[in-house]
Amino acid sequence: MRWAKLDKFDFVFQVWRSWIAYDPFPFTGGLTSCEALWMGVPVITLAQSRAVSRQTHAFLSTIGLAELSAKDTADYLRIATELANDKARLALYRSSLRQTMLASPLMNVKAFVQQLEACFKNLNAQLFESQSVMPTPAIAAINAATKTILHVGPGHRQNGAKLPTAFQNNDWQEIRLDIDPANQPDIIGSMLDMAAVKSQSMDAVYSAHNIEHVYAHEVPVVLAEFLRVLKPTGYLVITCPDLQTVCALVAEDKLTDAAYTAQAGIITPLDILYGHGAALAAGHHFMAHKCGFTLKTLTTALQTAGFKTIAGKRRELGLDLWLVAVKDAMAEPELRALAGNLLPQ
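Model, not experiment: these values are computed from the prediction. (Residues numbered from 1 in each chain as written. Predicted model: local features only at pLDDT ≥ 70, side-chain atom pairs only at ≥ 80, totals over all residues. Heavy atoms only, no water.)

1. Quick look at the overall build of the chain
For step 1, the next point in the chain: In terms of helices and strands, the chain carries 13 helices and 12 strands.
For step 2, the next point in the chain: Counting the 345 residues in the chain, one finds 39% classified as buried.
For step 3, the next point in the chain: Taking the intrachain contacts of the chain between residues at least 6 apart in sequence as the baseline, contacts between residues at least 24 apart amount to 61%.
For step 4, the next point in the chain: Entry remark: accessible area of the chain is about 19,200 Å², with carbon and sulfur atoms responsible for 60%. (Helix = DSSP H or I, 4+ residues; strand = E, 2+ residues; numbered from the N terminus. Buried < 20%, exposed > 50% of the residue type's maximum accessible area, 1.4 Å probe, protein only. Contact = heavy atoms within 4.5 Å. Areas by Shrake-Rupley, 256 points an atom, 1.4 Å probe, with all protein chains shown as cover.)

Given below as structure tokens:
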């Protein structure tokens with residue numbers, strides 16, 4: 001940039017476009033960070049262990065800019081240096097940050113209040129359980145009115161997997177369990193050991209594309225955990241790749257052809273068989289696929305685990321399997337109605 005050719009107004013404009021907010025630590029910004037982001041100014045923060053050290057980190061994670069949150073001081077300097085030298089990226093933040101905030105959960109007051117209400121209900125239930133005190137009739141009625149679904153492996157709150165439509169209403173309270181702390185789950189844990197989830201406490205369990213991430217000999221352990229946490233009338237909704245359809249594509253020599261496009265990008269049969277290549281290359285080795293199923297083998301595994309009633313389907317278009325497995329016996333008409341409500345077309 002040749003400063004001699006800029007008048008005062010141009011100089012101020014150029015500096016404003018290049019502004020970066022450097023968050024202090026250990027006491028990070030609160031409203032100040034939000035105001036900077038609202039005005040299109042990216043904020044670089046250092047997330048530490050205390051609540052006052054993680055406010056800006058929480059804001060950035062919620063609006064999908066976790067890349068501006070440093071792990072340590074060296075990382076802080078790296079992010080700052082790279083960003084200061086990337087004028088195109090700064091210009092993009094300047095023009096898009098406000099809309100990014102508006103579209104994020106950070107600005108969704110209704111969803112925040114609903115989540116806060118669900119949190120209060122859960123804390124209240126835990127309090128009564130720990131004190132061995134029966135809740136009042138009014139509180140019992142509130143708790144009974146809301147069913148609880150354990151969402152296994154949902155990914156990040158903003159961009160992660162969504163619950164099936166049937167669970168997206170005020171009748172259901174979502175509890176998120178994930179192995180990756182960066183996804184900000186309610187419970188950090190593995191499918192292989194869900195000790196943090198009380199036995200017979202869930203009305204439903206939703207497991208979307210994660211059963212394939214364990215070895216074949218571990219599948220019975222996972223399904224036993226799912227069965228354990230379900231109430232006697234509870235049920236599991238599970239989906240995973242359909243290897244029968246995928247192998248048909250491989251037989252046609254389409255191993256690296258595009259099978260479909262997902263939020264993560266183009267998915268090939270190779271990704272479906274062994275795990276998404278981009279995620280594995282980024283170091284997320286827990287995303288590797290270690291086993292697989294056809295409709296017949298997954299149904300058999302569920303029956304062996306102790307689920308009494310099972311209905312499932314193959315989706316050739318989605319290259320996946322969808323099954324609902326009920327913990328107790330259920331009459332066929334009721335099972336058909338349940339599957340019709342829960343399983344996609």
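2. What to know about helix 5 (residues 87-102)
Since there are 3.6 residues in each turn of an α-helix, residues three or four apart along the chain are aligned in direction.
For step 1, the next point in the chain: Its 16 residues place the ends of helix 5 24 Å apart at the C-alpha level, agreeing with the 22 Å of an ideal helix rising 1.5 Å per residue.
For step 2, the next point in the chain: Of all the bends in helix 5, the greatest measures close to 50 degrees and is centred on S96.
For step 3, the next point in the chain: Three or more residues of helix 5 are buried, namely L90, Y93, L97 and M101. (Expected span 1.5 Å × (residues − 1). Bend = angle between axes of the 7 residues up to and from the residue.)

3. Describing the sheet that holds strand 2 (residues 43-46)
For step 1, the next point in the chain: Overall, parallel pairing links the three strands, which are arranged 1-2-3 in an open sheet. Across the chains shown, the open sheet's two edge strands, defined by having one partner strand only, are strand 1 (21-22) and strand 3 (69-70).
For step 2, the next point in the chain: Where strand 1 meets strand 2, two bridges bridge the pair, whose relative direction is parallel. Looking at the pairing, Y22 lines up with I44 of strand 2.
For step 3, the next point in the chain: Relative to the sheet, helix 3 (residues 55-62) contacts strand 2 and strand 3, its axis offset from that of strand 2 by approximately 125 degrees.
For step 4, the next point in the chain: In the packing of helix 4 (residues 73-84) onto the sheet, the strands contacted are strand 1, strand 2 and strand 3, and the crossing angle to strand 2 comes to about 170 degrees. (Pairing = 2+ DSSP bridges. Axes fitted to C-alpha atoms, helices over the stretch in contact; angles between N-to-C directions.)

4. As for unusual backbone geometry
For step 1, the next point in the chain: In this model, F25 is joined to P26 through a cis peptide bond whose omega is 10 degrees.
For step 2, the next point in the chain: Looking at the secondary structure, you find P26 in the loop between strand 1 and helix 2 (31-38).
For step 3, the next point in the chain: The backbone of D253 shows a phi angle near 60 degrees, a positive value even though the residue is not glycine.
For step 4, the next point in the chain: In this fold, D253 is placed in the loop between helix 9 (243-251) and strand 9 (260-262).
For step 5, the next point in the chain: Taking the relative accessible area as the measure of exposure, D253 reaches 67% and is therefore exposed.

5. Some points on a nonpolar patch on the surface
For step 1, the next point in the chain: Together, V109, F112, V113, L116, F120 and L123 make up a nonpolar patch on the protein surface, roughly 570 Å² of accessible area in all.
For step 2, the next point in the chain: Looking at the element boundaries, F120 is found in helix 6 (residues 109-131).
For step 3, the next point in the chain: Given a relative accessible area of 51%, F120 falls into the exposed group. (Patch = residues over 30% accessible without salt bridge, like charges linked within 9 Å, V, L, I, M, F, W, Y side chains within 5 Å. Salt bridge = Lys/Arg side-chain N within 4 Å of Asp/Glu carboxyl O.)

6. A word on the confidence of the model for the chain
For step 1, the next point in the chain: In the predicted model, the chain carries a mean pLDDT of 84, and 88% of its residues have values of at least 70.
For step 2, the next point in the chain: Here residues 1-16 scores under 50 on pLDDT; set against residues more than four positions off or in separate chains, the count is eight contacts.
For step 3, the next point in the chain: Segment residues 131-143 is flagged for pLDDT under 50; beyond a separation of four residues in sequence, or across chains, it makes nine contacts in the model. (pLDDT = per-residue confidence, 0-100.)

7. Some thoughts on the pattern of salt bridges
For step 1, the next point in the chain: Counted under the stated rule, the structure contains eight salt bridges.
For step 2, the next point in the chain: Of the charged contacts in the structure, one is a salt bridge between E82 and R78, with a shortest N-O distance of 3.1 Å. In this pair, E82 and R78 both sit in helix 4, four residues apart, roughly one turn of the helix.
For step 3, the next point in the chain: A relative accessible area of 42% places E82 in the partly exposed class.

8. A short note on the environment of F307
For step 1, the next point in the chain: Mapped onto the elements of the fold, F307 is located in the loop between helix 12 (295-305) and strand 11 (309-315).
For step 2, the next point in the chain: Overall, F307 belongs to the buried group, its relative accessible area being 3%.
For step 3, the next point in the chain: Spatially, the C-alpha atoms of F307 and A325 are 6.0 Å apart, while their sequence positions differ by 18 residues.
For step 4, the next point in the chain: Every residue in contact with F307, bar those within four places of it in the chain, is listed here: L223, F226, L227, L230, L236, L302, A325, V326 and K327.

9. Points about the packing of aromatic side chains
For step 1, the next point in the chain: On inspection of all chains with the given rule, the structure shows four aromatic pairs.
For step 2, the next point in the chain: Taking 4.8 Å as the distance between ring centres and 90 degrees as the angle between the ring planes, the aromatic pair formed by F167 and W172 counts as edge-to-face.
For step 3, the next point in the chain: Its relative accessible area of 14% is what places W172 among the buried residues. (Phe/Tyr/Trp six-rings, centres within 6.5 Å; stacked < 30°, edge-to-face > 60°.)

10. A closer look at the pairing of strand 8 (residues 230-241)
For step 1, the next point in the chain: Within strand 8, nine of the 12 residues are buried, which leaves it mostly tucked inside the rest of the structure.
For step 2, the next point in the chain: As judged from the six bridges shared by strand 7 (residues 202-208) and strand 8, these two strands associate in the parallel manner. Among the inter-strand pairings, A204 is bridged to a residue of strand 8, identified as Y235.
For step 3, the next point in the chain: Bridging between strand 8 and strand 12 (residues 320-326) involves seven bridges; their strand directions are antiparallel. Note that in strand 12 the partner of T239 across the bridge is W322.

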